[in-house]
There are 2 protein chains.
Amino acid sequence: MADLLAAVDRYLTDHDGQFLEDLKAFLRIPSVSADSRHKADVERAAQFVLAQMRSAGLTAELVKTAGHPIVYGHWQDAAGAPTVLIYGHYDVQPPDPLDKWVTPPFEPTIRDGRLFARGATDDKGQVLTHLKSIEAWMNSTGRLPVNVKFVIEGEEEVGSKNLETFLTERKSTLAADVAVISDTSQFAPDIPAITYGLRGIVACEVTVRGPNQDKHSGVFGGAIANPVNALAKLLAGLHDGKGRIQVPGFYGDIPPLDPAERQRLAALPFDEAEFLRELGVGAVWGESGYTTLERRWARPTCDVNGITGGYQGEGSKTIIPAWASAKITCRLVPNQDPKKIAAGLEARLRELCPPGITLEFSGGHGCPAFAFNPTSRYIAAAKKAIAVAFGVEPVMIREGGSIPVVSSFQSQLGLDTLLLGWGQNTDNLHGPNEHFHLADFRRGTRASAHLWHELSVLG
Amino acid sequence: MADLLAAVDRYLTDHDGQFLEDLKAFLRIPSVSADSRHKADVERAAQFVLAQMRSAGLTAELVKTAGHPIVYGHWQDAAGAPTVLIYGHYDVQPPDPLDKWVTPPFEPTIRDGRLFARGATDDKGQVLTHLKSIEAWMNSTGRLPVNVKFVIEGEEEVGSKNLETFLTERKSTLAADVAVISDTSQFAPDIPAITYGLRGIVACEVTVRGPNQDKHSGVFGGAIANPVNALAKLLAGLHDGKGRIQVPGFYGDIPPLDPAERQRLAALPFDEAEFLRELGVGAVWGESGYTTLERRWARPTCDVNGITGGYQGEGSKTIIPAWASAKITCRLVPNQDPKKIAAGLEARLRELCPPGITLEFSGGHGCPAFAFNPTSRYIAAAKKAIAVAFGVEPVMIREGGSIPVVSSFQSQLGLDTLLLGWGQNTDNLHGPNEHFHLADFRRGTRASAHLWHELSVLG
């Protein structure tokens, strides 16, 4: 087995230049899924992935959807070995603002050991680490140590609208033991990470209505409730003075944080002063009794994302606005049910609504949080693979954001997902001058190659 | 004296048709002060007023300002009699939306005893009642029983920007005993009113800032204060559960309502159910312990006129907004100082502002409330004149709105103002199909003519 791994490692070293050329070719395709003028480019990117899969030795096909195609590839001849479902996406964010790019977004350019291009880290570069590790195994050993199924979609940047249907329709085809996604980041430069938890989310909108049209605040002020004042009262009533969320049933299902996990999070090299400096904020704020990292990753939130009502132009306009509305999202932690949280939120808002104001509430869609047991053997396997490739043990982290596909894998396929980010938080994903460190591309590919091995020898 | 009054009354009756033709001519001039394309029309309207003054026997001139001219006319040969300053405006609101007018806004048309045109009631028709009453006195008796000074401006609908300078520069010229303005309404059809109180106003704007740009609510939510949530907390903290305003010093200077006044207000035929039905609101709301009319006219308010922050488009965007802001106006009652109230408001908002949020506060401009002693002899004179012309005693009312010129007359010239509204609340001022009842035009003109007499025989 050591011989096989040595052969794979040698292949990776020998083909480093070719891998980079392939990545550049991939990055030259402006597969902007949000822009219908790029429809043919998105299709070309799918064809590129298809060709990569086939040349790596996978059986692969383009699956049509109502939107951009999904590329599906698999190899299942490792009898008795685990099956791994690898997910990624070949579409990219729009490159705007173009004038902020040092070199054009679709002309991949190397500077300071980094490859600059839209999609370099999100997610073309990271997808290619897995395809290249497969190619290395197949071309150097003639086989893979595990069974693999690749699902590489073209609509991640526009909400993965058609992925759910694909997962439902191919449920049995996609059966696997564990999923792998590289679409996150390391904790910090040279501190690789395994993300074992994500927060869920639920999105709602509330509109309050008062008089049938904007009314003169002199003639009517004091006589009837003002929708903006009322909405402020409603939203203010969602937190108490200690930052605790005041929604019935909000915390009831959440188990207390594991003391071991709290110790692990506290041990991470998180520089709060630097964090605040980058945000331009003078002080942290939030639920009392928890550290900032705990509040970001392991505690739920209730944030207003936008509010609107009445006159918003220059100067003043003396009206009682006819209505006001707010968009609210709650970030959820494991065991919180998005529908139940939305119902509690609506009940709380209605409870606070004053006479003369009518309330409309909509939304409630979202996804639950995700947590991978950090002591699982899949995590142990990933740790070993990463330690070999990066020369250092990965840290175990959670993320405050939500990755809906991870929820879908859990709910549709019953799969836990290994979130293995090879990039950096500072790679400017979604911004101008997105890049991927060549070292991370190499280390990621090697970690991926070793992961297949480690998963095949699970205890 | 009875002979003189009878002669004046006869003149009014004999010239009824001519007065109406003159009003129509005035209304045909589209003197929209807000629209620079109508600059020449606004000037024409000023010339029309000038000509009316001169033909009524006043000495009159056009006074240039940085904007539209002020027409000033006077007659001061009533030695020993009081001097009355009459204010009005010859400019009108824009006529939009044009498609809602049954007949064109600048083609005065009579239907159902009402004259339809932009400016019919606000304020050309009401201004003309006073000019025509002067004409009647001069042409039928050769003199006036009082001294008069007319200030008819052309910028009332755009904030009277240049009036203040005129009042300051002509302070001594404008010296008078009492002011008269007919730019309000009767309490209800056939219930004429004297408005003896107006609320003041102070306008402010508050902006709260958090992170230096919109931030991902997953990555950062829970770690730092959200400016929209924070603003909601600030605004909610401006009222307690009983609708009392929570601003330091807000109520300290306000004397309790006079029991006699409360009785008078309670006796007015105010139909609360009808009031709510017209607003489309299910219930009244406000400071406990006061009736709806008291809250509208005689108690202060703190209303948010507009709020904005974060994402306001379709669907959801999961951000912690970088900032949020709100426009706030307080309606003030006598003895409240706009500057002091603004300072208290700022202090209260700062007190409620959470860590990590910076607060900007601006504004503080406004005007104090106005109250005319309802037992004054000027009020008594106006009551008598109105009772003769309308056949019924006027009711004594206050208004919830603010008329800045009334404040200016008080602060600059030390004058109290008789607010004598000849129109109706339902005359659609500022809206399409504005009109003035011909009966009100006639009764208003006669009340004006009798007012000059009653003021000349004050006890």
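## Structural notes on the overall build of chain A
Here comes step 1: Each helix and strand counted, chain A has 14 helices and 18 strands in total.
Here comes step 2: Its C-alpha atoms give chain A a radius of gyration of 25 Å, near enough to 23 Å, the size a compact globule of 459 residues would have.
Here comes step 3: For chain A, the spread of C-alpha atoms along the three principal axes comes to 85 × 50 × 45 Å.
Here comes step 4: Going through the 459 residues of chain A one by one, you find that 54% of them count as buried.
Here comes step 5: Restricting the contact set of chain A to residue pairs at least 6 apart, pairs at least 24 apart contribute 79%.

## Points about the pairing of strand β2 (residues 70-75) of chain A
Residue and element names in this part refer to chain A.
Here comes step 1: Extensive coverage of β2 is indicated by the burial of 6 of its 6 residues.
Here comes step 2: The side-chain alternation of β2 yields two buried faces, one formed by Ile 70, Tyr 72 and His 74 and the other by Val 71, Gly 73 and Trp 75.
Here comes step 3: As judged from the 5 bridges shared by strand β1 (residues 59-63) and β2, these two strands associate in the antiparallel manner. In the strand pairing of β2, Leu 62 is matched with Val 71.
Here comes step 4: Hairpin geometry of β1 and β2 is characterised by an intervening segment of 6 residues between the two adjacent antiparallel strands.

## Observations regarding the nonpolar core
Here comes step 1: Grouped together as the largest cluster of nonpolar side chains are 258 residues, with contacts concentrated most on Ala179(A) and Ala179(B).
Here comes step 2: Excluding its chain neighbours within four sequence positions, the residues that come into contact with Ala179(B) are Leu85(B), Tyr87(B), Phe409(B), Leu415(B), Asp416(B), Thr417(B) and Leu418(B).

## Structural notes on the environment of Ser217(A)
Here comes step 1: Inspection of the secondary structure puts Ser217(A) in helix α6 (residues 217-220).
Here comes step 2: In sequence terms Ser217(A) and Thr109(A) are 108 residues apart; their C-alpha atoms lie 59 Å from each other.
Here comes step 3: Residues contacting Ser217(A), with those up to four places away along its chain left out, are Thr318(A), Ile319(A), Ile320(A), Asp303(B), Asn305(B), Thr329(B) and Arg331(B).

## Points about the relation of the copies chain A and chain B
Here comes step 1: Between chain A and chain B, the superposition needs a rotation of 180 degrees and an axial shift of 0.0 Å, giving an RMSD of 0.1 Å. Read as a symmetry element, the transformation amounts to a two-fold axis. Relative to the rotation axis, the C-alpha of Ala232(A) is the closest in chain A, positioned 2.1 Å from it.
Here comes step 2: A share of 100% of interface residues in chain A that are also interface residues in chain B marks the association as one of identical surfaces.

## What to know about the sheet that holds strand β4 (residues 109-111) of chain A
Whether parallel or antiparallel, the strands of a sheet pair through hydrogen bonds between backbone atoms.
Residues and elements named next belong to chain A.
Here comes step 1: Across the sheet, which stays open at both edges, the 3 strands sit in the order β4-β5-β18 with antiparallel pairing between neighbours. Strand pairing shows two members of the sheet lacking a second neighbour, β4 and β18 (435-437), which therefore form its edges. Strand-to-strand twist of the sheet, defined as the mean angle between neighbouring strand axes without regard to direction, takes the value 25 degrees.
Here comes step 2: Where β4 and strand β5 (residues 114-116) come together, 3 bridges link them in antiparallel fashion. Bridge pairing links Ile 110 to Leu 115 in β5.
Here comes step 3: Set on the sheet, helix α4 (residues 120-141) makes contact with β5 and β18; between it and β18 the angle comes to about 50 degrees.

## Points about the packing of helix α4 (residues 120-141) of chain B against helix α14 (residues 438-456) of chain B
Residue and element names in this part refer to chain B.
Here comes step 1: Across the interface, α4 lies against α14 with an axial gap of 8 Å and an inter-helix angle of 50 degrees. By the criterion of interaxial angle, the relationship of α4 to α14 is oblique. Note that α4 runs across α14; the crossing there is right-handed. For the pair α4 and α14, the contacting residues are Gly 125, Gln 126, Thr 129, His 130, Lys 132, Ser 133, Ala 136 and Trp 137 in the first and Phe 441, Gly 444, Thr 445, Ser 448, Ala 449 and Trp 452 in the second.
Here comes step 2: Each residue belonging to the contact of α4 with α14 can be placed in one class, and the counts come to 5 nonpolar, 8 polar and 1 charged.

## Considerations on the interface of chain A and chain B
Here comes step 1: Contact residues are listed per partner, giving 65 residues for chain A and 65 residues for chain B.
Here comes step 2: When residues of the side of chain A that touches chain B are traced back to their parent elements, those giving at least two are β9 (200-209), β10 (215-216), α6, α7 (227-236), α10 (292-297), β11 (303-310), β12 (319-320) and β13 (323-332) of chain A.
Here comes step 3: The element best represented in the side of chain A that touches chain B is β11(A), accounting for 8 residues.
Here comes step 4: Residue composition of the side of chain A that touches chain B, by class: 26 nonpolar, 28 polar and 11 charged.

## Some thoughts on helix α2 (residues 16-27) of chain A
In an α-helix there are 3.6 residues to a turn, and that puts residues three or four apart on one side.
Residue and element names in this part refer to chain A.
Here comes step 1: Its 12 residues place the ends of α2 17 Å apart at the C-alpha level, agreeing with the 16 Å of an ideal helix rising 1.5 Å per residue.
Here comes step 2: Taken together, the buried positions of α2 are Phe 19, Leu 23, Phe 26 and Leu 27. Projection of α2 onto a plane perpendicular to its axis shows the buried side chains occupying an angular sector of 95 degrees, all on one side. Exposed residues on α2 whose side chains face more than 90 degrees from its buried face are Gly 17, Gln 18, Glu 21 and Ala 25.
Here comes step 3: Residues of α2 that are buried sit in contact with α3 (39-56), β5, α4 and α14 (438-456).

## Focus: the domain arrangement of chain A
Residue and element names in this part refer to chain A.
Here comes step 1: Domain annotation of chain A identifies domain 1 (2-198 + 369-456) and domain 2 (200-254 + 300-367).
Here comes step 2: A straight line from the C-alpha centre of domain 1 to that of domain 2 covers 39 Å.
Here comes step 3: Domain 1 puts 6 residues into the contact, and the matching count from domain 2 is 8 residues.
Here comes step 4: Among the residues forming the side of domain 1 that touches domain 2, the class breakdown is 3 nonpolar, 3 polar and no charged.

## Here's the deal with the pairing of strand β13 (residues 323-332) of chain B
All names here are of chain B.
Here comes step 1: Burial runs high along β13: 9 of the 10 residues are buried.
Here comes step 2: In terms of strand pairing, strand β11 (residues 303-310) meets β13 through 6 bridges, oriented antiparallel. In the sheet register, Thr 308 faces β13, and the bridge partner there is Ser 325.

Quick notes on the rules
Residues numbered from 1 in each chain as written. Chains lettered and ligands numbered in written order. Predicted model: local features only at pLDDT ≥ 70, side-chain atom pairs only at ≥ 80, totals over all residues. Helix = DSSP H or I, 4+ residues; strand = E, 2+ residues; numbered from the N terminus. Rg over C-alpha atoms; globule rule 2.2 N^0.38 Å. Buried ≥ 20, exposed ≤ 12 C-beta atoms within 10 Å, placed from the backbone. Contact = placed C-beta atoms within 7 Å. Pairing = 2+ DSSP bridges. Core = buried A, V, L, I, M, F, W, Y, C linked by C-beta atoms within 7 Å. Least-squares fit on C-alpha atoms with pLDDT ≥ 70 in both. Axes fitted to C-alpha atoms, helices over the stretch in contact; angles between N-to-C directions. Parallel < 35°, antiparallel > 145°, perpendicular 65-115°, else oblique. Left-handed = near helix turned anticlockwise from the far one by under 90°. Nonpolar A, V, L, I, M, F, W, Y, C, P; charged D, E, K, R; others polar. Expected span 1.5 Å × (residues − 1). Arc of directions from axis to C-beta. Domains from an automatic or database assignment.

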